[in-house]
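Each chain, written out:
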There are 2 protein chains.
Amino acid sequence: MAIVAVGSIAFDSVASTAGKRERILGGSLTHFSNAASLKSKPRLVGVVGEDFGDMEMDFLKKKSSSVEGVEMLKGEKSFFWKGHYTENFDSAVTEITELNAFAKFNPVVPESYKTDDYILFLANISPDIQTRVAKQCPNSKLKMLDTMNYWIESTPDDLQTAFANVDGIIINEGEAELLTGEKNLIIAAKKLFLPHFKLIILKKGSNGVMVFGKNYIVSLPAFPLTEIIDPTGAGDSFAGAFLSYIDAVGDYDLSQETVKQAAVYATIVASHAVQGFGVEGIDGITTDDVEKRIDEFRKIASFE
Amino acid sequence: MAIVAVGSIAFDSVASTAGKRERILGGSLTHFSNAASLKSKPRLVGVVGEDFGDMEMDFLKKKSSSVEGVEMLKGEKSFFWKGHYTENFDSAVTEITELNAFAKFNPVVPESYKTDDYILFLANISPDIQTRVAKQCPNSKLKMLDTMNYWIESTPDDLQTAFANVDGIIINEGEAELLTGEKNLIIAAKKLFLPHFKLIILKKGSNGVMVFGKNYIVSLPAFPLTEIIDPTGAGDSFAGAFLSYIDAVGDYDLSQETVKQAAVYATIVASHAVQGFGVEGIDGITTDDVEKRIDEFRKIASFE
């Protein structure tokens, strides 16, 4: 059992009411691995520039079981994002996006990654690339993709093709509404649930998460937090924690009970993610910290 | 053990994407009693006009243990509201509000209502009246009030006085933000939680509910529904079901476990409320129907 994850590796400059950080390690693949590694260290596929240092690469190595698929492009810089969060963390305002090496990302999943049963996670990239990677992995037991408003609006046909090549999607409520025109998330999920889908994960931020299986729904509130430091990567952390749970259990049939436990686990890991800048929120915690917060969450949200 | 409830009794003309109804029985007291009566028939305090018929009064009698406190004002009509819901039930648009008899509402809680241990529920009325009624009931074991934007904006000082005379409040997330300026509902609830409070209930519509006790939080998602008919009175139905559960259990100390079970029960009763026009959604169901849906909710939202 294993996870193969494809996504961005970046430097982020972030500011929020809690402070700011310059050029810290970020990117969807980084956040995904950081969260997944508590249960299942993924095999990474990504691209970086020459400015990507040993310290950063060591972090990725620590959080993965292989970085064979991480390419360093000569003469290029790494993906760079600069932005800030408005008060209350209502929205992220982008100040600078420099794709750099990521603009030339042409992911190839190493053959060594395709052994055993494995889950494929396609972080938010162009749907065209997502389709190509999905086709490289016909034997994957579960293929999930994340996407965003930009692709929904600019390349809707490519996105439908990508949907046709995966087993499920992980999106947020705004993206679900944009895709379907529906504000009722349950109706939206029904419209989005293609016949071959196994799962749709709808993230609702501070309002929790809904997961739709073939014939069930799982719905959970968020873990209540009063102090948020940096929500960057919370969604990828949720995805990483969720899929690592599924992978660790090996329940590729995705029973309601497994999916619910995975969603509880991911809710708690993601709640840690937002309590530090960049990867710090999760990097410092242990499985014990997660278990303790799950116990607290049980008192808050689970019932007889 | 008993509940004393004070609020409006009205005729509503309602339209939604599901259809429309003219002059159906409504009002906060009506919806509260309709829901509460499944577990604990409340003692009612309200006012109606001469147009209030036997059929309507029989409904209130059926859903209560006493209507001694319901006054019929000669020469007056009953409270009348006409409105419609926008698509997706995002907002209620008021077309007509005629207070009629309700404008002269001067509630007096009958002495016969003040026997046994009892809970006092003050539905959304002027905070001035809420304070007067709370003072009539010094021996109530638990006094809860509901309010709305209008009173928060127009009589904030009176509202604070009312807060000082009750043990807790039931409001929605918009009202919590309006009262505190805080979008983070947990911070808002902490700001609102007066030293003498026992409970704050924050309703979030399709995103569920959070309940804050002296040293705990309960948070639940909503029961997932694809078909809503009429959300009028959903909040009062939640309050009625919640308080009837507390009353039936008799746990006036409000342990986290009791409050959580009460919130689960009220979530399910309120989910039935919105599936019919006016009182129809709940009027037709049995305790068995509620239990069955709680079982379903457990699979969706409760975890090990």
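Refer to the structure above for everything that follows.
Residues numbered from 1 in each chain as written. Chains lettered and ligands numbered in written order. Predicted model: local features only at pLDDT ≥ 70, side-chain atom pairs only at ≥ 80, totals over all residues. Heavy atoms only, no water.

Caption draft 1: Looking closely at the sheet that holds strand 5 (residues 66-72) of chain B. All names here are of chain B. The strand order across the open sheet formed by nine strands is 5-4-1-8-9-10-11-12-13, and the pairing between neighbours is mixed. Both outer strands of the open sheet, strand 5 and strand 13 (217-220), are each paired with one neighbouring strand and no more. Strand after strand, the sheet turns through a mean of 15 degrees between neighbouring axes, direction not considered. Note that strand 8 (residues 118-122) and strand 9 (residues 142-146) share four bridges and pair parallel. Residue pairing across strands places L120 opposite K143, the latter belonging to strand 9. Across the face of the sheet, helix 7 (residues 185-192) comes into contact with strand 10 (168-172), strand 11 (199-203), strand 12 (209-213) and strand 13 while running at roughly 35 degrees to strand 12. (Pairing = 2+ DSSP bridges. Helix = DSSP H or I, 4+ residues; strand = E, 2+ residues; numbered from the N terminus. Axes fitted to C-alpha atoms, helices over the stretch in contact; angles between N-to-C directions. Contact = heavy atoms within 4.5 Å.)

Caption draft 2: Local environment of the relation of the copies chain A and chain B. Laying chain A over chain B is done by rotating through 180 degrees and shifting 0.0 Å along the axis; what remains is an RMSD of 0.0 Å. Classification of the inter-copy transformation places it as that of a two-fold axis. The rotation axis passes nearest to the C-alpha of S302(A) in chain A, at a distance of 2.3 Å. Of all interface residues in chain A, 100% are interface residues in chain B too; the two copies therefore contact each other through one and the same surface. (Least-squares fit on C-alpha atoms with pLDDT ≥ 70 in both.)

Caption draft 3: Spatial organisation of the pattern of salt bridges. One pass over the full model with this rule turns up 22 salt bridges over all chains. For D295(B), the salt bridge identified is with R298(B), shortest N-O distance 2.7 Å. With a gap of three residues between them, D295(B) and R298(B) both fall in helix 11 (residues 287-301), about one helical turn apart. Note on D295(B): relative accessible area 38%, which makes it partly exposed. In the salt-bridge network here, residues are joined through shared partners; they are K62(A), K63(A) and D283(A). (Salt bridge = Lys/Arg side-chain N within 4 Å of Asp/Glu carboxyl O. Buried < 20%, exposed > 50% of the residue type's maximum accessible area, 1.4 Å probe, protein only.)

Caption draft 4: Main features of unusual backbone geometry. A positive phi angle, near 70 degrees, is found at N88(A), a position not held by glycine. Checked against the element boundaries, N88(A) lands in the loop between strand 6 (79-85) and strand 7 (92-98). The phi torsion at L254(B) lies on the positive side, around 55 degrees, for a residue other than glycine. Note that L254(B) resides in the loop between helix 8 (234-249) and helix 9 (256-273).

Caption draft 5: Looking closely at the pairing of strand 5 of chain B. Where strand 4 (residues 43-48) of chain B and strand 5 of chain B come together, five bridges link them in parallel fashion. Counted as the bridge partner of R43(B) is S66(B) from strand 5 of chain B.

Caption draft 6: The environment of I217(A), seen in detail. Mapped onto the elements, I217(A) comes out in strand 13 (residues 217-220). On the basis of relative accessible area, I217(A) is assigned to the buried category, the value being 17%. Residues I217(A) and M57(A), 160 residues apart in the sequence, show an inter-C-alpha distance of 39 Å. The contacts of I217(A), once residues within four sequence positions are left out, are I186(A), M210(A), V211(A), F212(A), Q256(A), P224(B) and I300(B).

Caption draft 7: Local environment of the packing of aromatic side chains. Per the counting criterion, the structure on display carries 24 aromatic pairs over all chains. Aromatic pair Y245(A) and Y265(A): ring centres 5.8 Å apart, planes at 45 degrees, arrangement tilted. Highlighted residues: Y245(A) in helix 8 (residues 234-249) and Y265(A) in helix 9 (residues 256-273), separated in sequence by 20 residues. We classify Y245(A) as buried; its relative accessible area is 18%. Centroid distance F193(B) to F197(B): 6.0 Å. Interplanar angle 75 degrees. Geometry classified as edge-to-face. For the pair shown, F193(B) and F197(B) are each scored as buried. Clustering of aromatic rings is evident, with ring pairs tying together F79(A), F102(A) and F105(A). When the ring centre of Y265(A) is taken as reference, the NZ or CZ atom of K39(A) above it lies at 4.8 Å. (Phe/Tyr/Trp six-rings, centres within 6.5 Å; stacked < 30°, edge-to-face > 60°. Lys NZ or Arg CZ within 6 Å of the ring centre and 35° of its normal.)

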